[in-house]
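Reading the structure
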Amino acid sequence: MNRWRKGVAALVAVVVLGLVTGCTLPRPPGDSPLRYRDQVFTGVSVASNIQYGSAPDAQGNPVALRLDLYAPTGDTLVDRPALVWVHGGGFSGGDKANPLPVDVAQTFAKQGYVVVSINYRLLGSGCASNPGQPSCTIAALEAQHDAQAAIRWLRLHAGYLGIDPTRIAIGGESAGGITATLVGLHSEDPGSSGNPGYPSTVRGFVSISGGLPNGIFASAGDALGLFFHGTADGVVPYQWSDATTAAMLDAGVGAWLQHQDGAGHVPYAEYRSLYLEQTDYFLYLALDLAHAGGQPVSAARAYGRQLDRLATSPRAKRLLRQHPQLRRLEKRARALAR
């Protein structure tokens, strides 16, 4: 298989995986401990309350936007992937130091990531009970702008922080999951919360109990997405994640949806292991971490073989015949390779 065919196979494999909604992402191959898949550090260094931007509140008063930064203690690599995590709270509460964001940040920092947990403007009112009301839309879009400023801040300081500016992802729960989805699908609206002149794009996003109504904003070229949603969620309808996944796949963008049957809103305590493991495997794929700094050549080769097997499996061939969006993706990849 020549180079362009391998590229086509990898792209098709990504979307084929996304089409198998409800199925888990496969564990990346490689000997343990493998950076970015396994815990390779025991200590995490934390820098708190760093200002990354500024934006007006509802009264027009400037709000200093701050983040907490987590990095593996003793790591000497200078081109590490970065993850931005956005807390939940109905766009009216919550904090970057809540237990869930801290747990996520600690977990991925020990795997070799640089992680920032951000605060953002809380402009919503009543969004915890009715996230679809117009005021919540405004609050969500402004939260998106703040999160994008944090992404640009990472790129601005990439050399100092020791991160690879081409390998940045975002995730969040509840309102943070909605925000992360917006960042992944709506990068053409960067806002003005700080650090202009740098891209606001990410390569992947994770949404726990988030998504967008009717799958709005999904289009070709968006970031890959991973969605978790309880089917008994009484705050954010699980149909938001369903619709967004479907819209992304229809646009030829890889998306994964995992339902937690009978679960409510952000059932993190019950599904922590699932969320962290699947986010781990998803980010490894979305950020192409088999080829990232610090990885052995054997990891890249093993991951390439895994993707090739997925792309050429009987199930993949059957899905390629059944889904027009996969055929469109293959044609686009073929044209780009010429």
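Described below are features of the structure shown in this document. For clarity, every value in this text was computed on a predicted model and none was experimentally measured. (Residues numbered from 1 in each chain as written. Predicted model: local features only at pLDDT ≥ 70, side-chain atom pairs only at ≥ 80, totals over all residues. Heavy atoms only, no water.)

A word on the overall build of the protein chain. Secondary structure assignment for the protein chain yields 10 helices and 8 strands. The buried share among the 338 residues of the protein chain stands at 54%. Long-range contacts, defined here as pairs at least 24 residues apart, represent 75% of the contacts in the protein chain between residues at least 6 apart. If you sum the accessible surface of the protein chain, you get close to 13,700 Å²; carbon and sulfur atoms cover 53% of it. (Helix = DSSP H or I, 4+ residues; strand = E, 2+ residues; numbered from the N terminus. Buried < 20%, exposed > 50% of the residue type's maximum accessible area, 1.4 Å probe, protein only. Contact = heavy atoms within 4.5 Å. Areas by Shrake-Rupley, 256 points an atom, 1.4 Å probe, with all protein chains shown as cover.)

All right, on to the state of the cysteines then. Scanning all chains against the criterion turns up 1 disulfide. Through a disulfide, cysteine 127 is tied to cysteine 136; the S-S separation comes to 2.0 Å. For the disulfide bridge between cysteine 127 and cysteine 136, the dihedral angle about the S-S bond is near -110°, and by the sign convention the bridge is left-handed. In this structure cysteine 127 comes out as buried when scored by relative accessible area, which is 3%. On the basis of relative accessibility, which here comes to 2%, the residue cysteine 136 falls in the buried class. (Disulfide = S-S within 2.5 Å.)

Time to look at the pairing of strand β4 (residues 114-118). Among the 5 residues that make up β4, 5 are buried, leaving the element largely enclosed by the rest of the structure. Going residue by residue along β4, you find Val114, Val116 and Ile118 tucked away on one face and Val115 and Ser117 tucked away on the opposite face as well. Strand direction decides the pairing type here: strand β2 (residues 62-72) and β4, joined by 4 bridges, are antiparallel. Its bridge partner being in β4, tyrosine 70 is matched across the sheet by valine 115. Judged from the 5 bridges that link them, strand β3 (residues 80-86) and β4 form a sheet pairing that is parallel. Within β4, the position partnered with leucine 83 by the bridge is valine 115. (Pairing = 2+ DSSP bridges.)

Let us now look at a positive patch on the surface. On the surface, Arg315, Lys317, Arg318 and Arg321 cluster together into a positively charged patch. Tracing the backbone shows arginine 321 in helix α9 (residues 314-322). (Patch = residues over 30% accessible without salt bridge, like charges linked within 9 Å, V, L, I, M, F, W, Y side chains within 5 Å. Salt bridge = Lys/Arg side-chain N within 4 Å of Asp/Glu carboxyl O. Lys, Arg positive; Asp, Glu negative; His and termini not counted. Charge placed at Lys NZ, Arg CZ, Asp CG, Glu CD.)

Here we come to the packing of aromatic side chains. Remark: the centre distance and the inter-plane angle together describe each pair of aromatic rings, the angle taken between the planes. Going through the model one piece at a time under the given rule, you end up with 8 aromatic pairs. With centroids separated by 5.6 Å and ring planes inclined at 70°, the aromatic side chains of tryptophan 256 and phenylalanine 282 adopt a geometry described as edge-to-face. Within this pair, whereas tryptophan 256 is found in strand β8 (residues 255-260), its partner phenylalanine 282 is found in helix α7 (residues 268-286), the two being separated by 26 residues in sequence. Taken together, the ring pairs connect Phe228, Tyr268, Tyr271 and Tyr275 into an aromatic cluster. (Phe/Tyr/Trp six-rings, centres within 6.5 Å; stacked < 30°, edge-to-face > 60°.)

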